[in-house]
Amino acid sequence: MTSMRHGLLWLLKNTLNRWTTRLARAGTGPFSLVRHVGRKSGTAYETPIIVAEAEDGFIAELTYGENVSWYRNIVAAGGCELVVGGVPRQVIAIESYPSDAGRRAFGFPARLVLSLLRREEYRLLRTADAGGPTPQPETAP
């Protein structure tokens, strides 16, 4: 990894990701939260990402490729917890997803941006409750 890319990832992790993590925890905005465990450290992490709903789970676009920690961690573990709209979902499998179908899964204008940026790496995050009714966030009594 180049030092410029490393610097950009550090900046995102230590600035933008903190803000988007708060939005994802609250279930507001376009961000979802990947809860995963470090494959070497065993440390629990939360990483904000944007996903699109699909019949079998959720589609993730790998903006920074397959070598980012969150992705490598969930592949090594065979799954993770994905919090979408404040609702936790259990990811039970990670599968390659066709580029064209991946772009189509995202609504406008995200689909247009992904096309213009020529994004090609998509993954299906297959969830345990795929195909069933969408659960609602839990509320305190």
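Residues numbered from 1 in each chain as written. Predicted model: local features only at pLDDT ≥ 70, side-chain atom pairs only at ≥ 80, totals over all residues. Heavy atoms only, no water.

## A closer look at the environment of Arg25
Phase 1: Locating Arg25 in the fold gives a position in helix 2 (residues 16-26).
Phase 2: When the C-alpha positions of Arg25 and Val87 are compared, they lie 9.3 Å apart, and in sequence the two are 62 residues distant.
Phase 3: Sequence-distant contacts of Arg25, defined by excluding residues within four places in its chain, comprise Leu33 and Glu46.
Phase 4: Here the side chain of Arg25 touches Glu46 through a polar contact of 2.4 Å, side chain to side chain. (Helix = DSSP H or I, 4+ residues; strand = E, 2+ residues; numbered from the N terminus. Contact = heavy atoms within 4.5 Å. Polar contact = N/O pair within 3.5 Å; in protein donor to acceptor, adjacent residues only side chain to side chain.)

## As for the sheet that holds strand 7 (residues 122-127)
Phase 1: With antiparallel pairing, the seven strands of this open sheet are ordered in space as 2-1-5-6-7-4-3. Bordering the open sheet on either side are strand 2 (44-49) and strand 3 (51-54), each of which pairs with just one other strand. Across this sheet, the average inter-strand angle for adjacent strands is 35°, counted without regard to direction.
Phase 2: Examined bridge by bridge, strand 1 (residues 32-37) and strand 5 (residues 80-84) share three bridges and lie antiparallel to one another. The partner of Arg35 across the bridge, within strand 5, is Glu81.
Phase 3: Relative to strand 1, helix 3 (residues 69-77) is tilted by about 60°, and along the sheet it contacts strand 1, strand 2, strand 4 (57-61), strand 5, strand 6 (87-97) and strand 7. (Pairing = 2+ DSSP bridges. Axes fitted to C-alpha atoms, helices over the stretch in contact; angles between N-to-C directions.)

## Re a nonpolar patch on the surface
Phase 1: A grouping of Phe108, Leu112 and Leu116 is seen on the molecular surface, where their side chains present a nonpolar patch of about 360 Å² in accessible area.
Phase 2: Structurally, the position occupied by Leu112 is in helix 5 (residues 110-116).
Phase 3: You can call Leu112 partly exposed: its relative accessible area is 41%. (Patch = residues over 30% accessible without salt bridge, like charges linked within 9 Å, V, L, I, M, F, W, Y side chains within 5 Å. Areas by Shrake-Rupley, 256 points an atom, 1.4 Å probe, with all protein chains shown as cover. Salt bridge = Lys/Arg side-chain N within 4 Å of Asp/Glu carboxyl O. Buried < 20%, exposed > 50% of the residue type's maximum accessible area, 1.4 Å probe, protein only.)

Read these as layout, nothing more, since geometry by itself doesn't imply function.
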